[in-house]
Amino acid sequence: MLKRLAALMIVFVTMFGLQACSGSAPVSLLDYVNSYQGYQFSYPTGWIEVKVTGGPDVVFHDIINVTENVSVVVSPVAEGKTLEELGGPSEVGYKLSKSITDMAGDSRDVELLNAQNVETPGGKTYYILEYLATTPDGQRHNLASAIVRRGQLFTFNASVPEARWKRLKNSITQSVASFSVY
């Protein structure tokens with residue numbers, strides 16, 4: 001399961017790994033709801049949904065800076081498994097970063113910067129993971145939110161070039177914090 005998620009993240013980072021031109025930071029967020037899969041999140045204004053065959057469930061990217069994106073990956077887990085049974089936040093984050101690095105070979109290095117456990121008032125546990133990915137096209141800053149619900153691992157990933165991180169940090173952090181699986 002972690003290998004599948006790592007493979008999808010590699011494809012995703014590769015697809016959107018080209019450097020983009022500079023632009024202005026989004027000023028507000030819009031809502032996206034997938035009632036069929038049972039999740040929702042907010043994404044920056046000025047971003048559009050794009051179809052990706054065989055990849056994430058949904059992808060949005062900036063219309064000008066197409067390498068700035070958010071996505072949701074849904075992967076099966078063993079029946080009855082909880083997020084905590086997959087490991088703690090640091091363990092899951094580290095395993096995922098190593099899987100991505102190993103699968104990509106010498107072409108990219110993924111470093112786990114931060115991993116934390118967030119529990120909602122309703123008792124749901126999310127892992128918030130922060131990565132710095134070094135790719136042939138430059139460094140990227142990634143934030144992810146992961147939760148296991150209904151026998152599936154839902155992972156929300158937000159990725160921007162490191163050069164744009166300071167400008168977009170608030171929007172991306174709010175977007176990741178908005179991710180909710182019901």
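Relevant structure appears above.
Not measured: the values here are computed from a predicted model.

## Digging into the sheet that holds strand S2 (residues 39-44)
Step number 1: Spatial strand order, S1-S2-S10: three strands in an open sheet with antiparallel pairing. Sheet topology places strand S1 (29-34) and strand S10 (180-181) at the edges, where each strand pairs with a single neighbour.
Step number 2: Pairing geometry for S1 and S2, over six bridges, is antiparallel. Residue Val-33 lies in a different strand from S2, and its bridge partner there is Gln-40.
Step number 3: Lying on the sheet, helix H4 (residues 162-178) is in contact with S1, S2 and S10; it crosses S2 at an angle near 170°.

## Notes on the environment of Val-77
Step number 1: Within the secondary structure, Val-77 sits in the loop between strand S5 (69-76) and helix H2 (83-86).
Step number 2: A sequence separation of 74 residues divides Val-77 from Gly-151, and the C-alpha atoms of the two residues are 5.5 Å apart.

## A short note on H4
Step number 1: Considering bend angle alone, the principal kink of H4 is centred on Leu-168 and spans about 75°.
Step number 2: Those residues of H4 lying buried are Arg-164, Trp-165, Leu-168, Ser-171, Ile-172, Ser-175 and Val-176.

## A few points about the sheet that holds strand S9 (residues 152-161)
Step number 1: If you walk across this open sheet you meet the seven strands as S3-S4-S5-S9-S8-S7-S6, and the pairing is antiparallel. The open sheet has two edge strands with one neighbour each: strand S3 (47-50) and strand S6 (109-119). Pairwise comparison of adjacent strand axes, ignoring direction, gives a mean angle of 20° for this sheet.
Step number 2: Bridge analysis of S5 against S9 gives eight bridges, and the strand direction is antiparallel. Bridge assignment links Val-73 to a residue of S9, and that residue is Thr-155.
Step number 3: Sitting on the sheet, H4 is in contact with S3, S5, strand S7 (125-135), strand S8 (138-149) and S9, with an inclination near 150° to S9.

## With respect to the environment of Tyr-182
Step number 1: Residue placement: Tyr-182 occurs in the segment after S10.
Step number 2: Its relative accessible area of 38% is what places Tyr-182 among the partly exposed residues.
Step number 3: Once the C-alpha coordinates of Tyr-182 and Gly-38 are considered, the two residues, 144 residues apart in sequence, prove to be 5.3 Å apart.
Step number 4: Reaching out from Tyr-182, the side chain makes a polar contact with the backbone oxygen of Asn-34 at a distance of 3.4 Å.

## Comments concerning the packing of aromatic side chains
Aromatic ring pairs are described here by two measures, namely the spacing of the ring centres and the angle between the planes.
Step number 1: The final tally for this structure, using the stated rule, is twelve aromatic pairs.
Step number 2: A ring pair is formed by Tyr-32 and Phe-60, whose centres lie 5.3 Å apart and whose planes are at 70°; its orientation type is edge-to-face. In this pair, Tyr-32 is assigned in strand S1 and Phe-60 in strand S4 (residues 58-62), connecting sequence segments 28 residues apart.
Step number 3: Of the residues examined, Tyr-32 reaches a relative accessible area of 16% and is grouped as buried.
Step number 4: Taking 5.9 Å as the distance between ring centres and 80° as the angle between the ring planes, the aromatic pair formed by Phe-41 and Phe-60 counts as edge-to-face.

Rules of the game
- Every chain begins its residue count from 1, and numbering advances along the sequence as written.
- Local features in this predicted model are restricted to residues of pLDDT 70 or higher, and side-chain atom pairs are both shown and tallied only at a pLDDT of 80 or more, whereas totals for entire chains, interfaces and linings draw on every residue.
- As a rule here, side-chain values cover all heavy atoms of the structure and leave hydrogens and water aside.
- Any two strands with at least two DSSP bridges between them are considered paired.
- Strands are runs of DSSP state E lasting at least two residues, helices are runs of H or I lasting at least four, and both sets are numbered from the N terminus onward.
- The contact definition used throughout considers only heavy atoms, calling two residues in contact when any of these lie within 4.5 Å.
- Axis definition: a line fitted to C-alpha atoms, limited for helices to the stretch in contact. Angles are taken between N-to-C directions and run from 0 to 180 degrees.
- Note that bend, as reported per residue, equals the angle between axes fitted to the 7 residues terminating at that residue and the 7 residues originating from it.
- Only protein chains enter the accessibility calculation, which uses a 1.4 Å probe; a residue is then buried when its area is under 20% of its type maximum, exposed when over 50%, and partly exposed in between.
- Pairing of N or O atoms within 3.5 Å defines a polar contact, subject to two protein rules: one partner must be a possible hydrogen donor and the other a possible acceptor, and residues neighboring in sequence count only if both atoms are side-chain atoms.
- Paired rings are identified among Phe, Tyr and Trp, the last through its six-membered ring, by centres lying within 6.5 Å, and are further divided according to the angle between planes into stacked (under 30 degrees), edge-to-face (over 60) and tilted (the rest).

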